Amino acid sequence: MPLSEHEQRMLEQMERALYAEDPKFATALEGSGLRTYTRRRVYQAVAGFLVGIALLMAGMVAQQVWLSVVGFLVMLGCAVLAVTGWRKAPKPGEQPAAAAGPQARRQGKQKRSMMDRIDQRWQRRRDEQQGGQ
């Protein structure tokens, strides 16, 4: 759900206040936070995948089927986390999608106008329902 105009103005005011109060902290939070978070998530998923392999092998050696199944499930879960984290990670030097360029801005406007139309329809239906009661 998109932010209302009032919420957007409040967010912009908070951003300006943050930049005015502590510009170094604000620039540190700007873009690299998402990249390092997703990179860390991918590394953790790879480590978990290796733990899953170890559990699978230990289950096979100890002839414990349940341990092998747990190892496989850990591997599967970590593989899904790694792939989704890898796809979401912005490339080095890449800006977030909102500031990527004119094409992304056009798509954002199209999405926003579609969401505005849906929001207007929703509001109209609510008004009609309240008027009929």
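Residues numbered from 1 in each chain as written. Predicted model: local features only at pLDDT ≥ 70, side-chain atom pairs only at ≥ 80, totals over all residues. Heavy atoms only, no water.

1. Observations regarding the overall build of the protein chain
Per the secondary structure count, the protein chain includes five helices and zero strands. The order of α-helices and β-strands along the protein chain, N terminus first, is α-α-α-α-α. Per-residue burial over the protein chain gives 13% buried out of 133 residues. By sequence separation, contacts in the protein chain at least 24 residues apart represent 48% of the contacts at least 6 residues apart. Entry remark: accessible area of the protein chain is about 11200 Å², with carbon and sulfur atoms responsible for 61%. (Helix = DSSP H or I, 4+ residues; strand = E, 2+ residues; numbered from the N terminus. Buried < 20%, exposed > 50% of the residue type's maximum accessible area, 1.4 Å probe, protein only. Contact = heavy atoms within 4.5 Å. Areas by Shrake-Rupley, 256 points an atom, 1.4 Å probe, with all protein chains shown as cover.)

2. A word on a positive patch on the surface
A grouping of Arg 117, Arg 121, Arg 124 and Arg 125 is seen on the molecular surface, where their side chains present a positively charged patch. Assignment of secondary structure puts Arg 117 in helix 5 (residues 102-132). You can call Arg 117 partly exposed: its relative accessible area is 44%. (Patch = residues over 30% accessible without salt bridge, like charges linked within 9 Å, V, L, I, M, F, W, Y side chains within 5 Å. Salt bridge = Lys/Arg side-chain N within 4 Å of Asp/Glu carboxyl O. Lys, Arg positive; Asp, Glu negative; His and termini not counted. Charge placed at Lys NZ, Arg CZ, Asp CG, Glu CD.)

3. Some words on the UniProt feature "transmembrane region" (unreviewed entry) in the protein chain
When the UniProt feature table is mapped onto this chain numbering, "transmembrane region" (unreviewed entry) sits at residues 42-60 and 66-86. Helix makes up 100% of residues 42-60 and strand 0%, with an end-to-end C-alpha separation of 27 Å. (UniProt positions renumbered as here; feature names shortened; annotations may be inferred.)

4. Let's talk about a nonpolar patch on the surface
Residues Val 65, Val 69, Phe 72, Leu 73, Leu 76 and Val 80 make up a contiguous nonpolar surface patch of roughly 570 Å² in combined accessible area. Locating Val 65 in the fold gives a position in helix 4 (residues 65-88). Classification of Val 65 as exposed rests on a relative accessible area of 63%.

5. With respect to the side chain of Ser 68
As for its position among the elements, Ser 68 is in helix 4. Judged by its relative accessible area of 13%, Ser 68 is buried. Leaving out residues up to four positions away in the same chain, Ser 68 has contacts with Leu 55, Leu 56, Gly 59 and Met 60.

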